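Architecture at a glance
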Number of protein chains: 2
Amino acid sequence: MHGKLEGLIHQEVYRDNDESFMSNRSGASYAPEGGCVPVVAPGDFKFSAAFLDHGHIYGQTKGLLEAGGTLCSVYDPDQSKLDAFCKKYPQVKAVQTFDEILDDESLHLVASAAIPDARARIGAQVIESGKDYFTDKAPFTTLDQLQQIRTLTRATGRKYLVYYAERVHNEAAWHAGELINQGAVGEVIQVLNLAPHRLSAKYRPDWFFQKQHYGGIITDIGSHQVEQFLTYASAKDATVNFALAKNVSHAAYPELEDFGEFSLTGDNGTSFYSRVDWFTPDGMPVWGDGRTFVVGTNGSMEVRKYIDPQRNNPASLIHLTTQDETREIDCLGVIGYPFFGQLILDVLNRTENSMGQEHIFKASELSLLAQEMADAHGGAF
Amino acid sequence: MHGKLEGLIHQEVYRDNDESFMSNRSGASYAPEGGCVPVVAPGDFKFSAAFLDHGHIYGQTKGLLEAGGTLCSVYDPDQSKLDAFCKKYPQVKAVQTFDEILDDESLHLVASAAIPDARARIGAQVIESGKDYFTDKAPFTTLDQLQQIRTLTRATGRKYLVYYAERVHNEAAWHAGELINQGAVGEVIQVLNLAPHRLSAKYRPDWFFQKQHYGGIITDIGSHQVEQFLTYASAKDATVNFALAKNVSHAAYPELEDFGEFSLTGDNGTSFYSRVDWFTPDGMPVWGDGRTFVVGTNGSMEVRKYIDPQRNNPASLIHLTTQDETREIDCLGVIGYPFFGQLILDVLNRTENSMGQEHIFKASELSLLAQEMADAHGGAF
């Protein structure tokens, strides 16, 4: 059987050397180029970066810069992280203490990608200093942190914004929401997300493998997925039906959860299922073949977010099937990243067009509740 | 935004007239051409067909004929169903009573696609007459029926075989199992099946919409999916984590369940999730864009069973990603349907190479248990 098949197999082999591995193939430094339109003049929106533990800070910074933001200062206790950031953005001023950023009253916002369990504490400092905060996901690792920040944002009116990159920094994922809003599939019945990620273990910091710091796989990469569900399904809340997280085959990292899955039912009756995992094989040329499937009463949709296997890499496209036709919508380089301009204007105008504060909290809350259920089931811990 | 996108949309429009709708576009008459190698000489394996309520009887018959079976007689109480079958297979002898088939000691097997809740009763008659039985799925609509047949097969040694077509009559789905057995993805961690089906309501008989007769969406099309899980994951049993079935938007058919989903954990720790639905939009050129995703410790796999949207229709292909490469394996017209020859030899030699009896029962049992959980949750009934 094998020999017979050999001639029918269309092969593509992708190889990267280690040096370029993180930049090209790992989601940790995912930062798409271009695609934002400046919404403000230079100096109108000032932000700084602080705590650069996760490479996503580069995606956050790039998005804000391309939307017209002005990068002022940067802080990290680790000089090498600081140097790398300053090399990438020579216009930025490195400061020696976080207080220098907190005390700078000219700043509108502080972008941050700290170790996950430190994000809420840092965010509270930023908010108490009178600025808005823009953190990498996951925004919280415990429900307590969430509750404290919910209270703080209500009391102060400041924003705790989150970089849910898998929708806001992906053209097809963003446009899927626009199409759904236009009624392309009728009423949404189900959103289903497949979210494989590449582990790249040797490039990951220690905290990545310590559950107290990263919070569990559903808390972490699950929060992205819930955010997409709430957006596409127009759900305000949901019930967790089932959740599971475990370490299948990475005994060297006993606190790593390499596989998770969970099911939600939205407050409007919509269904959501997601699988999250760290099993992207090395032969996959991107860090994860992320997909979203949406079933509606009047059509269905598949989103291929990062690659169209065997066809295009990178890719960012939608297969939309309606009652009349099926078509492919190529979003790459077309849709851009409107999120960042909307976020800047939200900060300046105190609006919620990029993402509502309660939506941001709810995406995290539901992923934390699902993680809690998974933890209660047992698993590796 | 819409105007801007217009030029980027690659459109394919598929239209069928009503006459060809069922034959080309509805899963009810799915019966792939060719691909079986005769395993016996004419007359060595004799079978008859009886109770032709579901069009799948044509797929069952075709598969057995192409593998070398000899079609002897046919029975149905409805003359028009009988006439249609005889027109398709002029070599067959129409008989006036089912007893004529039961009493024919030259027959090895009776193939049947009765109304689902009658399948066990008819199967018991066939088995008690000393022949094996080959029914369309779902093989049972209640756990009681299953228990009775389990007892009967153990007592008699006869076979209660099931046409789980979505694997055994699909080249990519069949070959996926072969690849997994060869270790292509390492140890299987998860199997996930998306199983949309076209409703084609106006072509469906009344019993299709009556839950007592069809048993619920998970009992019915869910049984296919569980069978694939047990096969791909080498699971012998499983626990139902969560199951849901409901009528989302077909108020005219109050007992139809148009959407279902369920999650299992295998006795070997593997995960299974499936969504089953009747929401294939009319613009989809096939009756369902069925997909299977397999995550393994050492690779992953996507099976596009019936179509590669925008690319090929029909299609039956596998995207396999290993640690070394990602490749597309085109199975259409290559793999064939070895199941039918194996089944014939199993009947003649009393072996279990095509499918084990306990595997057959377990696929149904787990789908019935999931349906039971879904029913207990509420839903439309």
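Just so we're clear, the structure is a prediction, and the values are computed from it rather than from any experiment. (Residues numbered from 1 in each chain as written. Chains lettered and ligands numbered in written order. Predicted model: local features only at pLDDT ≥ 70, side-chain atom pairs only at ≥ 80, totals over all residues. Heavy atoms only, no water.)

Examining the overall build of chain A
Operational definition: Secondary structure elements follow DSSP: runs of H or I no shorter than four residues count as helices, runs of E no shorter than two count as strands, and numbering proceeds from the N terminus. Here the accessible surface of atoms and residues is derived via Shrake-Rupley with a 1.4 Å probe, and residues count as covered only by protein chains that are part of the display.
Of regular secondary structure, chain A possesses 13 helices and 15 strands. As displayed, chain A has an accessible area near 13200 Å², and 49% of this comes from carbon and sulfur atoms.

Digging into the domain arrangement of chain A
How big an interface is tends to be stated in terms of the accessible area lost upon association of its parts. Residue and element names in this part refer to chain A. Quick reminder of the rule: An automatic or database domain assignment supplies the start and end points of every domain. Residues count as neighbours in contact if any of their non-hydrogen atoms are within 4.5 Å of one another. The term buried area means the drop in 1.4 Å probe accessible area that two parts suffer when joined, counted for both and summed. Salt bridges are identified by distance alone: a Lys or Arg side-chain nitrogen within 4 Å of an Asp or Glu carboxyl oxygen. In the analysis that follows, any N or O atom pair within 3.5 Å is treated as a polar contact, provided that within protein one partner can donate a hydrogen and the other can accept it, and provided that, for residues neighboring in sequence, both atoms belong to side chains. Only Asp, Glu, Lys and Arg are considered charged in this grouping, and only Ala, Val, Leu, Ile, Met, Phe, Trp, Tyr, Cys and Pro are considered nonpolar; every other residue, Gly among them, is considered polar.
Domain boundaries assigned for chain A yield domain 1 (19–164) and domain 2 (167–337 + 368–377). Between the C-alpha centres of domain 1 and domain 2 the distance comes to 23 Å. In this assembly, 29 residues from domain 1 lie in contact with 30 residues from domain 2. In total, about 2500 Å² of surface goes out of reach between domain 1 and domain 2, with carbon and sulfur atoms giving 61% of it. Applying the counting criterion to the domain 1 and domain 2 interface returns 1 salt bridge. Residue Asp 220 pairs with Lys 137 through a salt bridge whose shortest N-O separation is 2.5 Å. Across the domain 1-domain 2 interface, the total number found is 5 residue pairs in polar contact (both at pLDDT 80 or more). For the side of domain 1 that touches domain 2, the secondary structure elements donating two or more residues are helix H2 (18–25), helix H3 (56–66) and helix H7 (143–156). Counting residues per element, the side of domain 1 that touches domain 2 draws most heavily on H2, at 3 residues. Class assignment of the residues belonging to the side of domain 1 that touches domain 2 gives a composition of 15 nonpolar, 9 polar and 5 charged.

Overview of the interface of chain B and chain A
In this assembly, 67 residues from chain B lie in contact with 67 residues from chain A. With both sides pooled, the region where chain B packs onto chain A buries about 5700 Å², and carbon together with sulfur makes up 56% of that total. Counting across the interface, chain B meets chain A through 6 salt bridges. A total of 5 residues in the side of chain B that touches chain A trace back to one element, the largest contributor, which is strand E15 (residues 326–330) of chain B. Residue composition of the side of chain B that touches chain A, by class: 24 nonpolar, 24 polar and 19 charged.

Brief notes about the packing of aromatic side chains
All names here are of chain A. Using the following cut-off: Only centres within 6.5 Å qualify two rings of Phe, Tyr or Trp (six-membered ring in Trp) as a pair; their planes then separate them into stacked at under 30 degrees, edge-to-face at over 60, and tilted for everything else. When a residue's accessible area, from a 1.4 Å probe over protein chains only, is under 20% of the maximum for its type it is buried; when over 50% it is exposed; and in between it is partly exposed.
The tally for this structure, following the rule as stated, stands at 46 aromatic pairs over all chains. Ring centres of Phe 51 and Phe 98 lie 4.9 Å apart, and the angle between their planes is 75 degrees; on these two criteria the pair is classed as edge-to-face. Of this pair, Phe 51 sits in the loop between strand E2 (46–50) and H3 while Phe 98 sits in helix H5 (residues 98–102), and the two are 47 residues apart along the sequence. As far as burial versus exposure is concerned, Phe 51 and Phe 98 are alike and both buried.

Details of the nonpolar core
Condition: Nonpolar core, defined: a set of buried Ala, Val, Leu, Ile, Met, Phe, Trp, Tyr and Cys residues in which side-chain atoms within 4.5 Å join the residues together.
Leu 64, Phe 98, Leu 109, Phe 134, Met 301 and Ile 318 of chain A are the most contacted members of the largest nonpolar core, which has 107 residues in total. The contacts of Leu 64 of chain A, once residues within four sequence positions are left out, are Phe 45, Phe 47, Gly 69, Leu 109, Ala 111, Phe 134, Phe 340, Leu 343 and Ile 344 of chain A.

Some thoughts on the packing of helix H3 (residues 56–66) of chain B against helix H12 (residues 338–349) of chain B
Residues and elements named next belong to chain B. Counted only if it meets this: Between N-to-C directions, angles cover 0 to 180 degrees, with each direction set by a line fitted to C-alpha atoms, over the stretch in contact for helices. Roughly parallel covers angles under 35 degrees, roughly antiparallel covers those over 145, roughly perpendicular covers 65 to 115, and oblique covers all other angles.
At a minimum axis distance of 8 Å, the contact between H3 and H12 shows a crossing angle of 75 degrees. By the angle between their directions, the pair H3 and H12 is classed as roughly perpendicular. Mapping the contact onto sequence places Gly 59, Gln 60, Gly 63 and Leu 64 in H3 and Phe 340, Leu 343 and Ile 344 in H12. Residue composition of the contact of H3 with H12, by class: 4 nonpolar, 3 polar and no charged.

Remarks on the sheet that holds strand E3 (residues 70–75) of chain B
Residues and elements named next belong to chain B. Put simply, the test is: Two strands pair if DSSP finds at least two bridges between them.
Strand order in the open sheet formed by 6 strands is E4-E3-E2-E5-E6-E7, and the pairing between neighbours is parallel. Each edge of the open sheet carries a strand with a single partner, namely strand E4 (93–94) and strand E7 (160–163). One ladder, built from 4 bridges, connects strand E2 (residues 46–50) with strand E5 (residues 109–112); its direction is parallel. Bridged to Ala 49 within E5 is Ala 111. Against the sheet, helix H4 (residues 79–88) makes contact with E2, E3 and E4, and its axis sits at roughly 160 degrees relative to E3, the strand it touches most.

Considerations on the relation of the copies chain B and chain A
Counted only if it meets this: Here the copies are superposed with least squares, the fitted atoms being C-alpha atoms of residues at a pLDDT of at least 70 in both.
Superposing chain B onto chain A takes a rotation of 180 degrees combined with a translation of 0.0 Å along the rotation axis, leaving an RMSD of 0.0 Å. Interpreted geometrically, this transformation is the action of a two-fold axis. Closest approach to the rotation axis among the C-alpha atoms of chain B is made by Phe 242 of chain B, whose C-alpha sits 3.2 Å away. A share of 100% of the interface residues of chain B reappears at the interface of chain A, consistent with the copies meeting face to face through the same patch.

Some thoughts on the side chain of Asp 220 of chain B
Residue and element names in this part refer to chain B. Along the chain, Asp 220 falls in helix H11 (residues 217–233). Judged by relative accessible area, Asp 220 falls into the buried class, the value being 9%. A polar contact is formed between the side chain of Asp 220 and the side chain of Lys 137, at a distance of 2.5 Å.

Brief notes about the pairing of strand E10 (residues 259–266) of chain B
Residue and element names in this part refer to chain B. Of all 8 residues making up E10, 8 are buried, and the element is well covered by its neighbours. The alternating pattern of E10 places Phe 259, Glu 261, Ser 263 and Thr 265 on one face and Gly 260, Phe 262, Leu 264 and Gly 266 on the opposite face, and all of these are buried. Sheet topology note: the strand E9 (residues 238–246)/E10 ladder contains 8 bridges and is antiparallel. Residue pairing across strands places Lys 246 opposite Phe 259, the latter belonging to E10. Sheet topology places E10 next to strand E11 (residues 271–277); 7 bridges connect them, and they run antiparallel.

A look at the pattern of salt bridges
Residue and element names in this part refer to chain A. According to the stated counting rule, one finds 46 salt bridges over all chains in the structure shown. A salt bridge links Arg 291 to Glu 302, with the nearest nitrogen and oxygen atoms 2.8 Å apart. Placement of the pair is Arg 291 in strand E12 (residues 291–296) and Glu 302 in strand E13 (residues 299–304), with a sequence separation of 11 residues. Of the residues examined, Arg 291 reaches a relative accessible area of 1% and is grouped as buried.

Details of a negative patch on the surface
So the rule is basically this: To count toward a patch, a residue needs a relative accessible area over 30% and no salt bridge; like charges are then connected within 9 Å, while nonpolar side chains (Val, Leu, Ile, Met, Phe, Trp, Tyr) are connected within 5 Å. Charge assignment: positive for Lys and Arg, negative for Asp and Glu; neither His nor the chain ends contribute. Positions of charges follow a simple convention, taking NZ of Lys, CZ of Arg, CG of Asp or CD of Glu.
The grouping of Asp 99, Glu 100, Asp 103 and Glu 105 of chain A at the surface amounts to a negative patch. Residue Asp 103 of chain A is classed as exposed on the basis of its relative accessible area, which comes to 58%.

Concerning H7 of chain A
All names here are of chain A. Our working definition: Here the expected length of a helix is defined as 1.5 Å per residue gap, with one fewer gap than residues.
When the terminal C-alpha atoms of H7 are compared, their 20 Å separation across 14 residues agrees well with the 20 Å that a helix rising 1.5 Å per residue should span. For H7, the complete set of buried residues consists of Gln 145, Leu 146, Ile 149, Arg 150, Leu 152 and Thr 153. Packed against the buried residues of H7 are helix H6 (119–128), strand E7 (160–163) and helix H13 (357–377). Looking one or two places after H7, you find Gly 157, whose phi comes out positive at around 75 degrees.

Quick look at the environment of Thr 219 of chain B
Residues and elements named next belong to chain B. Mapped onto the elements of the fold, Thr 219 is located in helix H11. For Thr 219, a relative accessible area of 2% translates into the label buried. Each C-alpha atom, one on Thr 219 and one on Lys 137, is 9.1 Å from the other, the two residues being 82 residues apart in sequence. Setting aside anything within four residues of it in sequence, one finds Thr 219 in contact with Ala 138, Phe 140, Thr 141, Tyr 214, Ser 367, Leu 368 and Gln 371.

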